[in-house]
Amino acid sequence: DPRDVDDLQSHVFGEACFYEVGFNSEDDDGGVSLTDTIAVVITGNADLMRSAGYWRHQYRGNGKVDFDAVRLQCFLDIVGHMSSVFHEVVDASTIALAEAVLDPKGQTTSREQFDRQLLALWLNFANGAIAFDELVDSDGDTVPDATLLAFLSSAEAERLLPATTDARIRFLKDLMEVLNTRDG
């Protein structure tokens, strides 16, 4: 006889990271459902925003660092899930690749500078220093007017358009840099 059954389950995630949770069901006749999955993003609980230079140091791994390689990779996994730029357009999927984005060598383009600040802002989000629904200044008038997620979505959309001017890219980079350094 067909019936609806509720079987509530809970799980506590121990660390800030990106998780993919799967669920399927099996009946007493051996029938098995397809697996349903859901993405779960657990951010950290940091109090302070950190600059791109701070994150470069963390991903470089020289000297005193605050995070181990597992945690740094978890942050990148969160970034990869949330961002439309990372890792599809700009590959920062590993510690070495992220360090290269955070420390571009030589003459850099406005888009490379943008990417550096963008990655730092996403890492601040992953670390819990800023929430997706926190209001931020998205137009440079110092008045918070958009959620972080709306701002990042809009900035990334502009970053992906080839016609976006260097001046606009630099302006958006500057807004992100102000956010990344607001506590320092």
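Relevant structure appears above.
Residues numbered from 1 in each chain as written. Predicted model: local features only at pLDDT ≥ 70, side-chain atom pairs only at ≥ 80, totals over all residues. Heavy atoms only, no water.

Quick look at the overall build of the protein now. Of the regular secondary structure elements, the protein holds six helices and four strands. For the protein, the N- to C-terminal ordering of α and β elements is β-β-α-α-α-α-β-β-α-α. Judged by the C-alpha coordinates and their principal axes, the protein covers about 70 × 40 × 30 Å. Taking all 184 residues of the protein together, 35% fall into the buried category. A separation threshold of at least 6 residues defines the contact pool for the protein, and within that pool the share at least 24 residues apart is 58%. A distance of 14 Å separates the average location of the 14 positive side-chain charges in the protein from that of its 33 negative side-chain charges. (Helix = DSSP H or I, 4+ residues; strand = E, 2+ residues; numbered from the N terminus. Buried < 20%, exposed > 50% of the residue type's maximum accessible area, 1.4 Å probe, protein only. Contact = heavy atoms within 4.5 Å. Lys, Arg positive; Asp, Glu negative; His and termini not counted. Charge placed at Lys NZ, Arg CZ, Asp CG, Glu CD.)

What follows is about the state of the cysteines. In the structure shown here, the tally under the stated rule is one disulfide. Put simply, Cys 17 and Cys 74 are joined by a disulfide, and their sulfur atoms are 2.1 Å apart. On the S-S bond that ties Cys 17 to Cys 74, the torsion sits near -80 degrees, and the link is left-handed. Placement of the pair is Cys 17 in strand β1 (residues 17-23) and Cys 74 in helix α2 (residues 69-82), with a sequence separation of 57 residues. (Disulfide = S-S within 2.5 Å.)

What follows covers the nonpolar core. In terms of nonpolar packing, the biggest core is built from 40 residues, with Trp 55, Tyr 59, Phe 75, Phe 86, Leu 119, Leu 123 and Phe 151 touching the most fellow members. Per element, the largest residue contribution to this core is nine residues, and it comes from helix α4 (residues 110-126). Apart from the residues within four sequence positions on either side, Leu 123 is in contact with Trp 55, Tyr 59, Phe 75, Leu 76, Val 79 and Leu 102. (Core = buried A, V, L, I, M, F, W, Y, C linked by side-chain atoms within 4.5 Å.)

Before going further, it helps to examine the side chain of Asp 103. Of note, Asp 103 is situated in the loop between α3 (95-102) and α4. Asp 103 sits in the buried class, given a relative accessible area of 16%. A polar atom in the side chain of Asp 103 sits 2.3 Å from the side chain of Arg 60. (Polar contact = N/O pair within 3.5 Å; in protein donor to acceptor, adjacent residues only side chain to side chain.)

Here α4 is 17 residues long and its end C-alpha atoms lie 24 Å apart, about the 24 Å a rise of 1.5 Å per residue gives. Counting buried positions over the 17 residues of α4 gives 15, a clear majority of the element. (Expected span 1.5 Å × (residues − 1).)

Using the criterion set out here, one finds eleven salt bridges in the structure. The partner of Asp 103 in a salt bridge is Lys 105, with the nearest N and O atoms 2.7 Å apart. Under the relative-accessibility criterion, Lys 105 is labelled exposed at 64%. With its nearest N and O atoms 2.8 Å apart, the salt bridge here joins Lys 173 to Asp 174. Its relative accessible area of 13% is what places Lys 173 among the buried residues. The class for Asp 174 is partly exposed, based on a relative accessible area of 37%. Here the salt bridges share partners, and the residues they tie into one network are Arg 60, Glu 99, Asp 103 and Lys 105. (Salt bridge = Lys/Arg side-chain N within 4 Å of Asp/Glu carboxyl O.)

A few words now on the packing of α4 against helix α5 (residues 148-160). At a minimum axis distance of 12 Å, the contact between α4 and α5 shows a crossing angle of 155 degrees. Regarding the angle of α4 to α5, the classification is roughly antiparallel. Relative to α5, α4 is oriented so that their crossing is left-handed. Contacts from Arg 111, Phe 114, Asp 115, Leu 118, Leu 121, Trp 122 and Phe 125 of α4 reach α5 at Leu 148, Leu 149, Phe 151, Leu 152, Ala 155, Glu 156, Glu 158 and Arg 159. Residues that form the contact of α4 with α5 fall into these classes: ten nonpolar, no polar and five charged. (Axes fitted to C-alpha atoms, helices over the stretch in contact; angles between N-to-C directions. Parallel < 35°, antiparallel > 145°, perpendicular 65-115°, else oblique. Left-handed = near helix turned anticlockwise from the far one by under 90°. Nonpolar A, V, L, I, M, F, W, Y, C, P; charged D, E, K, R; others polar.)

The next point concerns the packing of helix α1 (residues 52-60) against α4. Contact geometry of α1 with α4 gives a least axis separation of 9 Å together with a crossing angle of 75 degrees. Between α1 and α4, the angle falls in the class roughly perpendicular. Here α1 contributes Ala 52, Gly 53, Trp 55, Arg 56 and Tyr 59 to the contact with α4, which in turn contributes Arg 116, Gln 117, Ala 120, Leu 123 and Asn 124. Taken together, the residues of the contact of α1 with α4 break down into five nonpolar, three polar and two charged.

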